[in-house]
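Secondary and tertiary structure notes
Given next are the chains, with one letter for each unit.
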Amino acid sequence: MKVFASWSGGKDCTLATYKAIAAGHEVVCLLNFISEDGERSASHGIKASVLALQAKAIGIPMIQVKTSWEGYEGNFKKAMGVLKETGVEGGVFGDIYLQEHKDWIERVCNEAGMQTTFPLWGSKTLDLILEFIDLGFESLVVATKLEESLLGKKLDRNLINRLIEMESDPCGEGGEYHTLVTAGPIFHNKRLEIVYGKREMKDGVWFLDVSPPATG
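Quick caveat: nothing in here was measured; it's all calculated off a predicted structure.

Turning next to the nonpolar core. Counting 45 residues, the largest nonpolar core has Trp-7, Leu-30, Ile-129, Phe-132, Leu-155 and Leu-180 as the members making the most contacts within it. In this structure, Phe-33, Ala-42, Ala-79 and Phe-93 belong to the second largest nonpolar core, which totals 18 residues.

Next comes the structure, spelled out in structure tokens:
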């Protein structure tokens, strides 16, 4: 089945995409929603330019849709409508156990005539994150509500143990942390190169700003 992957740049959507491909789906694009000014991801605040480079490293085209939170559902449906006209039949989502969000996705996709695939749904979060690491994916923490020192850390078994000690869900399903994936099996032998920027706290969450390397 031709599908799009709902994309934030983090570990869950990446692992879900990997599993969808392994199951035989054709992931034709990554669907990413960005702020109305076109600068950053609507979900985790990652620069749109970084996500575009990530898609290039993976080798799957990215569609970035500008939206406000108020207009998110409508813009999501419009984007799916355009994709449906090109032969896309469904979407891949990285949800694990938040039933309310899964219900919302299923309703919106159903109203747009799209099927839904949830490759991670119902799995144990510790099993998923260890599978992600063991598959060879690399990622770093770009946002956390735990402590600033986690920013920029590579997500590995040592960090997972530390997160568990901090009483965090291993996959951060409670919003404890978010990641940016920089390498792994779905990357076409390329690595996403980034430069670390400033750290700042917004609404109780620490963010690490990352940018593409300077050119010229």
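If you walk through the whole model with that rule in mind, you get 14 salt bridges. Two residues, Arg-40 and Asp-209, come together in a salt bridge whose shortest N-O distance is 2.9 Å. Of this pair, Arg-40 sits in the loop between strand 2 (26–34) and helix 2 (48–58) while Asp-209 sits in strand 9 (residues 205–211), and the two are 169 residues apart along the sequence. Note on Arg-40: relative accessible area 29%, which makes it partly exposed. Between Arg-162 and Glu-147 there is a salt bridge; the shortest N-O distance is 2.4 Å. Of this pair, Arg-162 sits in helix 6 (residues 157–165) while Glu-147 is found in the loop between strand 6 (138–144) and helix 6, placing the two residues 15 residues apart along the sequence. Residue Arg-162 is classed as partly exposed on the basis of its relative accessible area of 29%. According to the relative accessible area criterion, Glu-147 is partly exposed, its value standing at 30%.

Taken in spatial order, the 4 strands line up as 7-6-9-8 in an open sheet, and their pairing is antiparallel. Every other strand in the sheet has two partners, leaving strand 7 (177–183) and strand 8 (195–202) as the edge strands with one partner each. Taking each pair of neighbouring strands and ignoring which way they run, the sheet shows an average axis angle of 35°. Across 6 bridges, the pairing between strand 8 and strand 9 is antiparallel. Directly across from Glu-200, in strand 9, lies its bridge partner Phe-207.

Next up on the list: the packing of helix 1 (residues 11–22) against helix 5 (residues 125–134). Packing of helix 1 against helix 5 leaves a shortest axis separation of 11 Å and a crossing angle of 75°. The angle between the axes of helix 1 and helix 5 places the two elements in the roughly perpendicular class. Facing Lys-11, Thr-14, Leu-15 and Lys-19 of helix 1, the residues of helix 5 in contact are Leu-128, Ile-129, Glu-131 and Phe-132. Taken together, the residues that form the contact of helix 1 with helix 5 break down as 4 nonpolar, 1 polar and 3 charged.

Orientation of helix 5 relative to helix 6, taken along the N-to-C sense of each, is 160°, at an axis distance of 10 Å. Compared by their axis directions, helix 5 and helix 6 come out roughly antiparallel. When you trace helix 5 past helix 6, the crossing you get is right-handed. Facing Leu-126, Ile-129, Leu-130, Ile-133 and Asp-134 of helix 5, the residues of helix 6 in contact are Arg-157, Ile-160 and Ile-164. Across the contact of helix 5 with helix 6, the residue classes break down as 6 nonpolar, no polar and 2 charged.

Note on placement: Asp-169 falls in the loop between helix 6 and strand 7. No salt bridge is formed by the buried Asp-169; its nearest oppositely charged neighbour, Lys-11, is found at 6.8 Å. Only 3.1 Å separates the side chain of Asp-169 from the side chain of Thr-125, close enough to count as a polar contact. The contacts of Asp-169, once residues within four sequence positions are left out, are Tyr-97, Thr-125, Gly-174, Glu-176 and Tyr-177.

Right, let's get into the sheet that holds strand 4 (residues 90–92). The strand order 3-2-1-4-5 describes an open sheet built from 5 strands, whose pairing is parallel. Of all strands in the sheet, those bounded by a partner on one side alone are strand 3 (62–66) and strand 5 (115–117). The sheet shows a mean angle of 30° between the axes of neighbouring strands, direction not considered. Judged from the 5 bridges that link them, strand 1 (residues 2–6) and strand 2 form a sheet pairing that is parallel. Note that in strand 2 the partner of Lys-2 across the bridge is Glu-26. Lying over the sheet, helix 2 contacts strand 2 and strand 3, oriented at roughly 160° with respect to strand 3.

Definitions and limits used
Residues numbered from 1 in each chain as written. Predicted model: local features only at pLDDT ≥ 70, side-chain atom pairs only at ≥ 80, totals over all residues. Heavy atoms only, no water. Core = buried A, V, L, I, M, F, W, Y, C linked by side-chain atoms within 4.5 Å. Buried < 20%, exposed > 50% of the residue type's maximum accessible area, 1.4 Å probe, protein only. Salt bridge = Lys/Arg side-chain N within 4 Å of Asp/Glu carboxyl O. Helix = DSSP H or I, 4+ residues; strand = E, 2+ residues; numbered from the N terminus. Pairing = 2+ DSSP bridges. Axes fitted to C-alpha atoms, helices over the stretch in contact; angles between N-to-C directions. Parallel < 35°, antiparallel > 145°, perpendicular 65-115°, else oblique. Contact = heavy atoms within 4.5 Å. Nonpolar A, V, L, I, M, F, W, Y, C, P; charged D, E, K, R; others polar. Left-handed = near helix turned anticlockwise from the far one by under 90°. Lys, Arg positive; Asp, Glu negative; His and termini not counted. Polar contact = N/O pair within 3.5 Å; in protein donor to acceptor, adjacent residues only side chain to side chain.

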